[in-house]
Protein chains: 2
Amino acid sequence: MAGSGVGARLPSVRELTARHQASPVTVAAAIRQLVAEGLVEARPGQGTFVSGAPSPGRSGTPEFSWQTVALGERRAGEDELRALLALPPAGAIPLSGGYLDVELQPTAALGAALARAARQPASWARGPVEGRPDLRAWFARSTGSAAASGGAGGLREDDMLLCAGGQAALSTVVRALTSPGDTLLVESPTYLGILALARSAGLRVVPVPADADGVRPDQLEAALAYTGARLFYCQPLYANPSGATLAPGRRASVLAAVRAAGAFLIEDDYARDLTIDGEAPPPLAADDPDGHVIHIRSLTKSAAPGLRIAALGARGPAGARLRSARLVDDFFVAGPLQQATLELVTSPGWDRHRRALRAALRTRRDALASALARHLPDLVPSVLPRGGLHLWVRLPDGTDDIGLSAAAAAEGVIVFPGRPWYPAEPQAPHLRLTYAAAAPDLIEEGVRRLARAMAKTS
Amino acid sequence: MAGSGVGARLPSVRELTARHQASPVTVAAAIRQLVAEGLVEARPGQGTFVSGAPSPGRSGTPEFSWQTVALGERRAGEDELRALLALPPAGAIPLSGGYLDVELQPTAALGAALARAARQPASWARGPVEGRPDLRAWFARSTGSAAASGGAGGLREDDMLLCAGGQAALSTVVRALTSPGDTLLVESPTYLGILALARSAGLRVVPVPADADGVRPDQLEAALAYTGARLFYCQPLYANPSGATLAPGRRASVLAAVRAAGAFLIEDDYARDLTIDGEAPPPLAADDPDGHVIHIRSLTKSAAPGLRIAALGARGPAGARLRSARLVDDFFVAGPLQQATLELVTSPGWDRHRRALRAALRTRRDALASALARHLPDLVPSVLPRGGLHLWVRLPDGTDDIGLSAAAAAEGVIVFPGRPWYPAEPQAPHLRLTYAAAAPDLIEEGVRRLARAMAKTS
């Protein structure tokens, strides 16, 4: 084998053609292939040389196929979440998205709060793993529960645990309170982030029907009894995507059903600061003496996507379980971000922002409804949601919501199809149209583009 | 039962004393207990009244016992992590802790970086879920791998994923690449955060022996073959707690063992900026053409606990798997923190900080070794670690490391016992003594206190 090691010169194309009785084209192609794989090296004017050990790992082309076995089956549920968080293409009008438009964010107040945090070196040091007591106390008070003023039930400072945003809080709860194979009950339709999380945690998801008054207590009671589930996820206030608020007459029966089943209710209170009409009812956690409600309150929705702060409230041993889980997940939330959050929510600018936001969301919600009335009258919802960021629009029977969303994107407007928000078969085709992500005049043009897409696909 | 319902007045203490033939002290105590439980209510000047239905759920005393069944078995591994992150009591000298002392943190540079971030409103907006490209590129370059300069192997910008700190990165990797019941190989002893995480994820942990030159490749090869494990966790640089660095002669065989087994190696490169002597060898990820190494690099250790930023590097389908898992876990890292991190690491102050840190860590490491030589000469390690934050001190055979740590705390010095760092039975009793958490003169006094505790317990 002399002459065949690293650095050895290959025979010329002519020699190889003769030796192997192959055409020069074939021989040249074979050499090009060897060069492409990094196994031989062409030195102009000198010839072709063996460039290294012929192990695939050493060539210029990495060999990842071994990962197929090591990684195993792919976990479901993440594609929709990725689509939800994708940045809209330039020039397209976003009638989709889970956050406020930049124009609606309290940019100046956020900058001032962060600048104040920058002048407090102590915020970089290590604090309690549960988060700063003053910020936890603020979150407890903001649940409006009796406990904050000394009464029974509801959440106190010690029950609160700070997390890096609402999804992080949700992830901690689901992982800490379930094992793979367990059942999770959800409203249907519901937030697709919980569906992705449940699938990645190996849970069985069982949908419970909801209507314009929120989840149906009779169906919840039946589902708890039938499945033996210990965990029910819901958004009682301006649910995403439907916009429904749990009706006052249903609150007690929902809590009673959960209590009777010895189950936990995850109250994802993502939209408390996004109220448009009237006053928001108190969270379910305020009427929960025995620790059945696990409360999640995020500031990301009402301030800015970059303010990744949420609080998780839970009482009894469940609170201890969640604190331990959070510790294993990521220790604690960055101190300067906690400091900036406290500066923000205790500044006079915060209430001003909430008032301005309320007015701006009303303008945009109504602009979207008017634009629909002008260009797509069949799609106007019978009742507008009293808060939140979205209209949940029912499409004519037989419409392909995913095809329509693709056609809309081609027309330059981003909408989100309804199907991924259902844990099972959807009852009817829907679109989720966000009014918070674009200015009113863009909303008008966006709906015009959507109407063109509908005309083309129907 | 007339007169015994809600609102009914209780008999006076005098009446009750007579009726039950009990002492007034006992009766008053019983009433105080009822008041404390919220069952009766004292109205000054009027008497004591039944205040509500005596159902446990409605009383002032919440009834959490139902949670026992709903929560099920407690998951192991979290207590040690909690102890590790506990703040030291006031007045005690910390020879324990995973972070730099405040005096060693680049406080001014951090404040300046955050102030600059505060002037950039765009950082509050939503960015790519993987993190800012410029910061990801910085992390890729900082691995010193060939890829950054265009060569084969190693990590590029697109392979990097930003996470909210090293523990968050680790949590994502472990959860995304395993299912409950899978086997995780670890060096022994090893970082107790990975042990807590593995236990909470339901993994089987199998220790692989390591010595002063890092993990033993022959044992790793055998363990991979014997268990069929697809995942091996290690800290090749200044391992926590042992301080060992993987010897140059072992790098190729460790990588070959992992490659032959079709497994992943998690390289927790937590201490790259904590080098004291000489230059750190390049990460294993720089010599990994086929994506076997998953690289974690954190800035929390070398800057401040509040800078919760780490990068996760992975190539091939594994990178995609991790990006999806991170999305489900917590979407993305707060933009202003990414901005501040970029400002920090690209400022001239960063290199100055690293140089000053190197000198300060050397002073403290040597101060700890000298103090041990003076007061506890049997405990001086034979070889000092070339970087990191800790000395791993072998105790005389038969010493109870946990008892000694408790006795040391009573003397006013916090040390961490060795036992929790072993996945199985420890080979010998150890203490982990941190030199980064206290100033040199306090280190001297801390060791004196430790010597007193040893004298008392032996």
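1. Brief notes about the nonpolar core
Stage number 1. Ranked by internal contacts, the top residues of the largest apolar core, which has 95 residues, are F139, L185 and L220 of chain A together with F139, L185 and L220 of chain B.
Stage number 2. With six residues, helix α5 (residues 107-118) of chain B is the single largest residue contributor to this core.
Stage number 3. Excluding anything up to four places from it in sequence, L185 of chain A contacts V206, V208, L220, A223, L224, T227, A229, L231, F232 and Y233 of chain A.

2. Quick notes on the pairing of strand β10 (residues 293-298) of chain A
Residues and elements named next belong to chain A.
Stage number 1. For β10, the tally of buried residues reaches six of six residues, placing the bulk of the element in the interior.
Stage number 2. Residue alternation in β10 divides its side chains into two sets, V293, H295 and R297 and I294, I296 and S298, and both sets are buried.
Stage number 3. Direction of pairing for strand β9 (residues 264-268) relative to β10: parallel, over a ladder of four bridges. Within the sheet, the bridge partner assigned to E267 lies in β10 and is H295.
Stage number 4. In terms of strand pairing, β10 meets strand β11 (residues 310-313) through four bridges, oriented antiparallel. Across the sheet, I296 pairs through a bridge with L312, a residue of β11.

3. Some words on the relation of the copies chain A and chain B
Stage number 1. Each copy superposes on the other: chain A lies on chain B with an RMSD of 1.4 Å after a rotation of 178 degrees and an axial shift of 0.4 Å. This pairing of chains is accounted for by a two-fold axis. When C-alpha distances to the rotation axis are compared across chain A, the minimum falls at A115 of chain A, with a value of 3.0 Å.

4. Side note on the state of the cysteines
Stage number 1. The full count for this structure, using the stated rule, is zero disulfides over all chains.
Stage number 2. Of the cysteine sulfurs around C163 of chain A, a residue in no disulfide, the closest is that of C163 of chain B, at 16 Å.
Stage number 3. The closest cysteine sulfur to the non-disulfide-bonded C234 of chain B is located on C163 of chain B, 18 Å from its own sulfur.

5. So, the sheet that holds strand β14 (residues 416-417) of chain A
Sheet strands line up and pair through hydrogen bonds in the backbone, either parallel or antiparallel.
Residue and element names in this part refer to chain A.
Stage number 1. Ordered in space as β12-β15-β14, the three strands form an open sheet in which the pairing is antiparallel. What marks the edges here is a single partner per strand, and that holds for β12 (390-394) and β14.
Stage number 2. The sheet contact formed by β12 and strand β15 (residues 430-434) spans five bridges and is antiparallel. Looking at β15, one finds that H390 is bridged to T434.
Stage number 3. Helix α13 (residues 348-375) rests against β12 and β15 of the sheet, and its axis sits at about 25 degrees to β12.

6. Re the sheet that holds strand β6 (residues 204-211) of chain A
Residues and elements named next belong to chain A.
Stage number 1. The strand order across the open sheet built from eight strands is β4-β11-β10-β9-β8-β5-β6-β7, with neighbouring strands paired in mixed fashion. Strands with a single pairing partner mark the edges of an open sheet, and in this sheet they are β4 (160-163) and β7 (214-215).
Stage number 2. Here helix α7 (residues 166-177) sits on the sheet and contacts β4, β8 (231-234), β9, β10 and β11; the angle it forms with β10, its principal contact strand, is near 160 degrees.
Stage number 3. Against the sheet, helix α11 (residues 317-330) makes contact with β4, β9, β10 and β11, and its axis sits at roughly 25 degrees relative to β4, the strand it touches most.

7. Describing the packing of aromatic side chains
Residue and element names in this part refer to chain B.
Stage number 1. One pass over the structure, following the stated rule, counts 12 aromatic pairs over all chains.
Stage number 2. Here F416 and W421 contribute two aromatic rings whose centre-to-centre distance is 5.7 Å and whose plane-to-plane angle is 75 degrees, an arrangement assigned as edge-to-face.
Stage number 3. Here F416 falls in the buried class, since its relative accessible area comes to 6%.
Stage number 4. Note on W421: relative accessible area 0%, which makes it buried.

8. Considerations on the packing of helix α13 (residues 348-375) of chain B against helix α15 (residues 440-457) of chain B
Residues and elements named next belong to chain B.
Stage number 1. Contact pair α13 / α15: the axes reach a minimum separation of 9 Å and the direction vectors enclose 30 degrees. In terms of orientation, α13 lies roughly parallel with respect to α15. Read as a crossing pair, α13 and α15 show a hand that is right-handed. Residues T363, R364, A367, L368, A371, L372, R374 and H375 of α13 pack against P440, I443, E444, V447, R448 and A451 of α15.

9. Here's the deal with the interface of chain A and chain B
Stage number 1. On the chain B side, the residues contacting the 90 residues of chain A number 91 residues.
Stage number 2. If you sort the residues of chain A by the area they bury against chain B, W124, R126 and V328 of chain A come out on top, with a joint share of 12%.
Stage number 3. Salt-bridge contacts for D329 of chain A lead to R175 of chain B; the nearest nitrogen and oxygen are separated by 2.7 Å.
Stage number 4. At the junction of chain A with chain B, the criterion picks out 24 residue pairs in polar contact (both at pLDDT 80 or more).
Stage number 5. Here the side of chain A that touches chain B gets 10 residues from one element, more than from any other, and that element is α11 of chain A.
Stage number 6. When the residues that make up the side of chain A that touches chain B are grouped by side-chain class, the tally is 51 nonpolar, 19 polar and 20 charged.

10. Section: the packing of helix α14 (residues 401-411) of chain B against α15 of chain B
When two helices pack together, you describe them by how their axes are tilted relative to each other and by the distance separating the axes.
Residues and elements named next belong to chain B.
Stage number 1. The geometry of α14 relative to α15 is characterised by a closest axis approach of 8 Å and an angle of 125 degrees between their N-to-C directions. Taken together, α14 and α15 sit at an angle that is classed as oblique. Note on packing geometry: the crossing formed by α14 with α15 is right-handed. Listed contacts from α15 to L404, A407, A408 and E411 of α14 are R449, L450, R452, A453, M454, K456 and T457.

11. A short note on helix α4 (residues 78-85) of chain A
Stage number 1. Along α4 of chain A, the residues that are buried comprise E78, L81, L84 and L85 of chain A. For α4 of chain A, the angular spread of the buried residues around the axis is 120 degrees, confining them to a single face.
Stage number 2. Buried residues along α4 of chain A sit against α7, α8 (192-200), β14 and β15 of chain A together with α11 (317-330) of chain B.

12. Quick word on the side chain of E267 of chain A
All names here are of chain A.
Stage number 1. Along the chain, E267 turns up in strand β9.
Stage number 2. Of the side chains with opposite charge, R272 comes closest to the buried, unpaired E267, at an N-O distance of 5.2 Å.
Stage number 3. Reaching out from E267, the side chain makes a polar contact with the side chain of H295 at a distance of 2.7 Å.
Stage number 4. Here E267 is in contact with C234, P236, P283, L284, A285, V293, I294, H295 and I296, once residues within four sequence places are set aside.

Thresholds applied
- Residues numbered from 1 in each chain as written.
- Chains lettered and ligands numbered in written order.
- Predicted model: local features only at pLDDT ≥ 70, side-chain atom pairs only at ≥ 80, totals over all residues.
- Heavy atoms only, no water.
- Core = buried A, V, L, I, M, F, W, Y, C linked by side-chain atoms within 4.5 Å.
- Buried < 20%, exposed > 50% of the residue type's maximum accessible area, 1.4 Å probe, protein only.
- Helix = DSSP H or I, 4+ residues; strand = E, 2+ residues; numbered from the N terminus.
- Contact = heavy atoms within 4.5 Å.
- Pairing = 2+ DSSP bridges.
- Least-squares fit on C-alpha atoms with pLDDT ≥ 70 in both.
- Disulfide = S-S within 2.5 Å.
- Axes fitted to C-alpha atoms, helices over the stretch in contact; angles between N-to-C directions.
- Phe/Tyr/Trp six-rings, centres within 6.5 Å; stacked < 30°, edge-to-face > 60°.
- Parallel < 35°, antiparallel > 145°, perpendicular 65-115°, else oblique.
- Left-handed = near helix turned anticlockwise from the far one by under 90°.
- Buried area = accessible area lost by both parts, 1.4 Å probe.
- Salt bridge = Lys/Arg side-chain N within 4 Å of Asp/Glu carboxyl O.
- Polar contact = N/O pair within 3.5 Å; in protein donor to acceptor, adjacent residues only side chain to side chain.
- Nonpolar A, V, L, I, M, F, W, Y, C, P; charged D, E, K, R; others polar.
- Arc of directions from axis to C-beta.
- Lys, Arg positive; Asp, Glu negative; His and termini not counted.

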